[in-house]
Amino acid sequence: MNVVAFLCLLFFSGVAFAAPPSLAPPEGFRVLDTPNDTGKSLSLVWKASPSDSKNRSIQVWAAESPHAAFKKVAEFPSNTRYVKAGDFPWWAQPAGKGEHYVKLSSSQAFPIEDGKSYAVKLLVRDGEQEAWSEIAEGRPAPNFFNTAQVNNLVFVLAFTGVLLASIAAARRNPHIYLRRIAGLDAVEEAIGRSTEMGRPILYLTGAGDMSEVPTIAATVILGEVAKKVAHYDTSLKVPHRDPIVMAVCQEIVKEAYVEAGRPDAYKEDSNFFITSDQFSYTAAVDGIMLREKPAANFFMGSYFAESLLLTETGASTGAIQIAGTDSDHQLPFFVTTCDYTLIGEELYAASAYLSREPVLVGTLRGQDFGKAFIMSVLVLGTALATIGVVAGTENFDYVLDFFKDFK
Amino acid sequence: MIFLKRQLPLVITFIMGVTFTLQYYIPHPVSEEAITNVAKWMQIISGFALFLGLASLFHVHAVKIKRQVPGWGYSLVLYAGMLGMIAVGFWSHGETRVDGAQTSFGWLYDYTMVPLQGTMFSILAFFIASAAYRAFRARSREASVLLASAVIVMMGRVPLGQFLVPWSWDVTQWLLNVLNSAVRRAILIGVSMGAVALSLKIILGIERSYLGGGRDQ
């Protein structure tokens, strides 16, 4: 009996007095200056633990010095915020794969200034248990070059080199094959038709301003169109949504008339401003189409919801319509309602196609080299990523990272 | 004169083009401040350029009224509307509401501009119907494929269509995520290459017709 009582006492006392396993603080905790930033953030890194779970939380406490009052700035489950493949390129990784990584950005609650030192510590909580990490210090500093984007810069420089080489080649051998673009072949036909019918030509440069590439492309094509208009002695109307685009187009059309040997035929009012408001502009242009019934309508540049309102009205007047846009969401409307549509890159190729200048045509060959390179990368990247998943290896990431866009 | 009209704009374009291409790779606050300052300058220039636009607008319609060309009455309406709005705007100190009460400027905006804009936008529904009718006439093999896929997508995007044709949802998703996405990406790759090439041509002074006139003066 005594023996049983002794064993019971031993067993229950063991249960009563065995302390639960103590909570370990995060290992390898360090505070770094965030790489490739403006100097307004700190990077916190610590090692992953097998006991990380959704029930265990991590709190981030920060202060301006180890002796100042700490403030809680973030809290999250301990099984989150791991560094995953694709977060950083291999050549600019602030933490190893599988480690915890938290970017502590400047906020109203805890402003971070560059050049100032900050102290940070972590608190691990699991139920009632708590464990503090050591205090780590870090000093944020701004960077002059984003090393994560070095691959982007290499490609830009390489593409520039290819373009310049293509132009040099085109200068030596100007006979470069250009595939036919029906929409651009139809420009002459449209202008001729307007001349025969004695009706004006309407040319729109889109919704963008002069800082947008499609608008610049539209103004470049306007120059070529205006030369032919001057040659045929037809009337040209270019209503605008942006006063700066209007001023540029006035100059382009004027010079085109001079170049065509018809400076006397140039009218200052051929380019005119309507409004920058989307639907007011649309209503005004629709009114011009219905009253003056232009024989040819050109829609070049970027467009939004007004595209169908403009082109459907133009189609109802029986005008020949040529559109060119890189706004992929508006392409179906243009294809449906216009006689010819320049799709995407054809808009940018138009000036080379219309002028046939070897230097400009050479850049098209450079673009083709660029596209061939992208297609090769797509095939190679798909193959490597698939093999990597099947074989369970991350070794291909060294190649794949080079073709990713990192911020 | 040639220097001011040709070389100087090309030099400015080259310097600004290279500077703001490099700016993309520089996260330093100095770089951010530079881009913010340029954006502010662009806003200021746009504000002043509006006077150019207004001058053009007044001139074009003044000529129409003076010559009494057909439809010159619309030009009178434009003058009345624009000058009236400016006068009421000054009267209301540019405010649409004062102490929760609508000003006359706010009233004009809410009860003329907004309904007129809404009317123009709503016309789009009718135009889409007429454009769709024209596009979906099965005149060729390509148009027939377009018609068939459009019917499936329309069925798959509305609850009644999914109820009547249960498989339409899966086919719609496949059409949109595989075929449509592939074509869009191909277009976007071409657009991006074209935009980069045109930008480089402008920065390097190869394409200069946007300055007016020929390329190799």
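Residues numbered from 1 in each chain as written. Chains lettered and ligands numbered in written order. Predicted model: local features only at pLDDT ≥ 70, side-chain atom pairs only at ≥ 80, totals over all residues.

### Description of the overall build of chain B
Then comes step 1: Broken down by element type, chain B carries 7 helices and 2 strands.
Then comes step 2: In sequence order, the secondary structure elements of chain B are arranged as α-α-α-β-β-α-α-α-α.
Then comes step 3: Computed over its C-alpha atoms, the radius of gyration of chain B comes to 26 Å, more than 25% above the 17 Å expected for a compact globule of 217 residues.
Then comes step 4: Taken along its principal axes, the extent of the C-alpha atoms in chain B is 65 × 50 × 45 Å.
Then comes step 5: Within chain B, buried positions represent 15% of all 217 residues.
Then comes step 6: Considering only intrachain contacts with a sequence separation of at least 6, the fraction spanning at least 24 residues in chain B is 18%. (Helix = DSSP H or I, 4+ residues; strand = E, 2+ residues; numbered from the N terminus. Rg over C-alpha atoms; globule rule 2.2 N^0.38 Å. Buried ≥ 20, exposed ≤ 12 C-beta atoms within 10 Å, placed from the backbone. Contact = placed C-beta atoms within 7 Å.)

### Side note on the overall build of chain A
Then comes step 1: For chain A, the helix and strand inventory stands at 11 helices and 14 strands.
Then comes step 2: Taken against the 2.2 N^0.38 rule, which gives 22 Å for 407 residues, the C-alpha radius of gyration of chain A at 33 Å runs more than 25% over that of a compact globule.
Then comes step 3: Projected onto the principal axes, the alpha-carbon positions of chain A cover approximately 125 × 50 × 50 Å.
Then comes step 4: Counting over 407 residues, chain A shows a buried share of 38%.
Then comes step 5: Within chain A, counting contacts between residues at least 6 apart in sequence, those at least 24 apart form 69% of the total.

### Re the sheet that holds strand β12 (residues 296-300) of chain A
Residue and element names in this part refer to chain A.
Then comes step 1: Taken in spatial order, the 6 strands of this open sheet run β11-β10-β9-β12-β13-β14, and their pairing is parallel. Each edge of the open sheet is held by one strand with a lone partner, namely β11 (271-273) and β14 (340-343). Mean inter-strand twist for the sheet, computed between neighbouring axes without regard to direction, equals 15 degrees.
Then comes step 2: Two strands pair when backbone bridges link them, and strand β9 (residues 201-204) and β12 are joined in this way by 4 bridges, in the parallel orientation. Within β12, the residue paired with Tyr-203 across the bridge is Phe-298.
Then comes step 3: Set on the sheet, helix α3 (residues 182-197) makes contact with β9, β12, β13 (320-325) and β14; between it and β13 the angle comes to about 145 degrees. (Pairing = 2+ DSSP bridges. Axes fitted to C-alpha atoms, helices over the stretch in contact; angles between N-to-C directions.)

### Topic: the packing of helix α3 (residues 72-91) of chain B against helix α4 (residues 104-135) of chain B
All names here are of chain B.
Then comes step 1: In contact at an axis separation of 8 Å, α3 and α4 are set at 140 degrees when each is read in the N-to-C sense. By the angle class used here, α3 and α4 are oblique. Seen from α3, the contacting residues are Met-85, Val-88, Gly-89 and Trp-91; seen from α4, they are Ser-104, Phe-105 and Leu-108. (Parallel < 35°, antiparallel > 145°, perpendicular 65-115°, else oblique.)

### Comments concerning the domain arrangement of chain B
Residue and element names in this part refer to chain B.
Then comes step 1: You can read the domains of chain B as domain 1 (1-67) and domain 2 (138-211).
Then comes step 2: The straight-line distance from the C-alpha centre of domain 1 to that of domain 2 is 34 Å.
Then comes step 3: With 7 residues of domain 1 at the interface, the matching set in domain 2 holds 5 residues. (Domains from an automatic or database assignment.)

### Quick look at the nonpolar core
Residues and elements named next belong to chain A.
Then comes step 1: Among the nonpolar cores identified, the biggest contains 84 residues, and Tyr-203, Ala-217, Ile-221, Leu-222, Ala-226, Phe-298 and Ala-350 are the most heavily contacted of them.
Then comes step 2: In terms of residue count, helix α4 (residues 213-232) provides more of this core than any other element does, 11 residues in total.
Then comes step 3: Excluding residues that lie within four positions of it along the chain, Ile-221 makes contacts with Met-300, Ala-350, Ser-351 and Leu-354.
Then comes step 4: If you look at the next biggest cluster of nonpolar residues, it comprises 16 residues, including Val-31, Leu-42, Leu-44 and Tyr-101. (Core = buried A, V, L, I, M, F, W, Y, C linked by C-beta atoms within 7 Å.)

### Some thoughts on the interface of chain B and chain A
Then comes step 1: Taken residue by residue, the interface counts 50 residues in chain B and 63 residues in chain A.
Then comes step 2: Listing elements by their share of the side of chain B that touches chain A, those giving two or more residues are α2 (29-67), α4 and α7 (168-203) of chain B.
Then comes step 3: Here the side of chain B that touches chain A takes 16 residues from α7 of chain B, the largest share from any one element.
Then comes step 4: Looking at the side of chain B that touches chain A, its residues break down into 30 nonpolar, 14 polar and 6 charged. (Nonpolar A, V, L, I, M, F, W, Y, C, P; charged D, E, K, R; others polar.)

### Considering the packing of α4 of chain A against helix α5 (residues 243-259) of chain A
Relative placement of two packed helices is described by the angle separating their axes and the distance separating the axes.
Residue and element names in this part refer to chain A.
Then comes step 1: Packing of α4 against α5 leaves a shortest axis separation of 8 Å and a crossing angle of 30 degrees. Between α4 and α5 lies a crossing whose hand is right-handed. Residues Thr-215, Thr-219, Leu-222, Gly-223, Ala-226, Lys-227 and Ala-230 of α4 form the contact with α5, whose own contacting residues are Val-245, Val-248, Cys-249, Ile-252, Val-253, Ala-256, Tyr-257 and Glu-259.
Then comes step 2: Classifying every residue of the contact of α4 with α5 by side-chain character gives 10 nonpolar, 3 polar and 2 charged. (Left-handed = near helix turned anticlockwise from the far one by under 90°.)

### Looking at the sheet that holds strand β2 (residues 41-46) of chain A
Within a sheet, neighbouring strands are paired by backbone hydrogen bonds and run either parallel or antiparallel to one another.
Residues and elements named next belong to chain A.
Then comes step 1: Strand order in the open sheet formed by 3 strands is β1-β2-β5, with antiparallel pairing between adjacent strands. Among the strands making up the open sheet, the edge pair consists of β1 (30-33) and β5 (100-105). When strand polarity is set aside, the average angle formed by the axes of neighbouring strands in this sheet is 25 degrees.
Then comes step 2: Bridging between β1 and β2 involves 4 bridges; their strand directions are antiparallel. Within β2, the residue paired with Leu-32 across the bridge is Ser-43.

### Concerning the confidence of the model for chain A
All names here are of chain A.
Then comes step 1: Here chain A averages 91 in pLDDT, while 95% of its residues score no lower than 70.
Then comes step 2: Ranking the elements of chain A by mean pLDDT puts helix α1 (residues 2-17) last with 50 and β9 first with 98.
Then comes step 3: Contacts of residues 13-17 to residues separated by more than four positions or lying in other chains number 0 contacts, the stretch itself having pLDDT below 50. (pLDDT = per-residue confidence, 0-100.)

### Overview of the domain arrangement of chain A
Then comes step 1: The domain boundaries assigned to chain A delineate domain 1 (24-138) and domain 2 (179-355).
Then comes step 2: The C-alpha-based centres of domain 1 of chain A and domain 2 of chain A are spaced at 56 Å.

### Remarks on the environment of Lys-404 of chain A
Residue and element names in this part refer to chain A.
Then comes step 1: With respect to the helices and strands, the residue Lys-404 is situated in the segment after α11 (397-400).
Then comes step 2: Here the alpha-carbon distance between Lys-404 and Gly-370, two residues 34 residues apart in the chain, equals 16 Å.
Then comes step 3: Not counting chain neighbours up to four residues away, the residues in contact with Lys-404 comprise Gly-86 and Pro-89.

### Comments concerning the pairing of β13 of chain A
Walk down a regular strand and you will see the side chains alternate between the two sheet faces.
Residue and element names in this part refer to chain A.
Then comes step 1: Most of β13 sits inside the fold, with 6 of its 6 residues counted as buried.
Then comes step 2: Alternating positions in β13 separate into two faces, Ile-320, Ile-322 and Gly-324 on one and Gln-321, Ala-323 and Thr-325 on the other, with burial throughout.
Then comes step 3: Here β12 pairs with β13 via 5 bridges, running parallel. Each bridged residue has a counterpart across the sheet, and for Phe-298 the counterpart in β13 is Ile-322.
Then comes step 4: As a crossover connection, the stretch from β12 through helix α7 (residues 306-316) into β13 is right-handed.
Then comes step 5: In terms of strand pairing, β13 meets β14 through 4 bridges, oriented parallel. When the sheet's bridge partners are listed, Ile-322 is paired in β14 with Tyr-340.
Then comes step 6: A crossover links β13 with its parallel partner β14, the connecting element being helix α8 (residues 331-337), and its sense is right-handed. (Right-handed = clockwise from strand over helix to strand, strands pointing away.)

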